[in-house]
Amino acid sequence: MQNHKLFRRCFIMLLVVAACTSIYDVPSLASAPVQPPTGGTKMPVPSTPAPGTGRQEPGTPETNVATAPELVVTKLASQERTVTLTVDIKEHSQATSGKIKIHYPAQMLRVLSAQGGRLWDVEDVNPNLTESGQNVISYAWADTEMLASSGNLLTVVWEAQDAANGQEVIVETEIAELYAQEQPLAVRTDVMIDRLRPYFRTSSQYQSQSSAVRTGDDANPAGYVLLCLGSMLVMVNLVRQRHSL
């Protein structure tokens, strides 16, 4: 009996302790808010580079390529078999020298001409380069004065081959170098891609058209007149032969 009473008292005491703990919530150290230090030095906050600027190296000026101007523009057009690419430079570029490369599919386009726009003191055009198995047209220039006006850098004219008829032709213009004196100029993109689909009559289509049989208005009226006269002469001779018999 005494053991039973002792066990009952202990069980009642545990219930009382559990009830007191649930009523009086004691905050723990882990849930306590951290108060900022007063009177001390502030902790430095690391700076985050802006999107598109990349990593800035110590001692070098930061260049935001995302906001750089579009200094060089291209346009690709076609008329029948003639495909023309014009590469222009915008005003206030301040460029003094540079180099661009034109990548094109040689199985679709054959170079007819490549001429510089004569904006610089020195120009060099090479239409017969090959890089990584692909045909390339190179154009380089240099001058002593910065260019403030707009103008034409290069004009390339191709003849479209039969393989290009109705197919997508891709021409890439790569800005390999662009300088203002000794300072490199930042551009928004260094590769510009132009696409088009030329449509024209192929040589086989011309041959099939010329070999087709012509009827109707294409008949020769002089031949019909001669044929009628010959038939009349034959009939006259037959009539004479019957009368003579």
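Rules used in this analysis
The numbers attached to residues start from 1 for each chain and follow its sequence in the written order. In keeping with the predicted nature of the model, local features appear solely for residues at pLDDT of at least 70, side-chain atom pairs appear and are counted solely at 80 or more, and the whole-chain, interface and lining totals rest on all residues. Water and hydrogen atoms were dropped before computing side-chain values, which therefore reflect all heavy atoms in the structure. Segments assigned H or I by DSSP are reported as helices when at least four residues long, segments assigned E as strands when at least two residues long, and all are numbered from the N terminus. When a residue's accessible area, from a 1.4 Å probe over protein chains only, is under 20% of the maximum for its type it is buried; when over 50% it is exposed; and in between it is partly exposed. On a range of 0 to 100, pLDDT expresses the predictor's confidence in each residue. Contacts are assigned to residue pairs that have any heavy atoms within 4.5 Å of one another. The criterion for an aromatic pair is that two Phe, Tyr or Trp rings (for Trp, the six-membered ring) have centres within 6.5 Å, with stacked assigned to planes under 30 degrees apart, edge-to-face to planes over 60 apart and tilted to the rest.

(A) Representation of unusual backbone geometry within the structure. The phi torsion at glutamine 94 lies on the positive side, around 65 degrees, for a residue other than glycine. Here glutamine 94 shows up in the loop between strand E2 (82–89) and strand E3 (97–103). Glutamine 94 gets classed as partly exposed once you look at its relative accessible area, which sits at 30%. Positive phi, close to 60 degrees, is recorded for arginine 118, a residue that is not glycine. Mapped onto the fold, arginine 118 is located in the loop between strand E4 (109–116) and strand E5 (122–131).

(B) Region of interest: the environment of tryptophan 158. Along the polypeptide, tryptophan 158 turns up in strand E7 (residues 151–160). Overall, the relative accessible area of 0% leaves tryptophan 158 in the buried class. Between the C-alpha atoms of tryptophan 158 and threonine 84, which are 74 residues apart in sequence, the distance is 6.4 Å.

(C) Expanded view of the confidence of the model for the protein. Chain-level statistics for the protein give a pLDDT mean of 76 and a share of 57% at 70 or above. Confidence drops under a pLDDT of 50 for residues 36–66, and excluding neighbours within four residues, the segment shows 11 contacts in the predicted structure.

(D) The packing of aromatic side chains, seen in detail. Counted according to the given criterion, the structure contains 3 aromatic pairs. Aromatic side chains tyrosine 104 and tryptophan 158 sit 5.5 Å apart centroid to centroid with 50 degrees between the ring planes, which places their arrangement in the tilted category. You can see tyrosine 104 sitting in the loop between E3 and E4 and its partner tryptophan 158 sitting in strand E7, a full 54 residues away along the chain. Note on tyrosine 104: relative accessible area 4%, which makes it buried. Ring geometry for tryptophan 120 against tryptophan 141: centres 5.3 Å apart, planes inclined by 20 degrees, an arrangement best described as stacked. Of this pair, tryptophan 120 sits in the loop between E4 and E5 while tryptophan 141 sits in strand E6 (residues 134–142); the two residues are 21 residues apart in sequence, bridging distant segments of the chain. Every member of this aromatic cluster is reached through a ring pair, and the members are Trp120, Tyr139 and Trp141.

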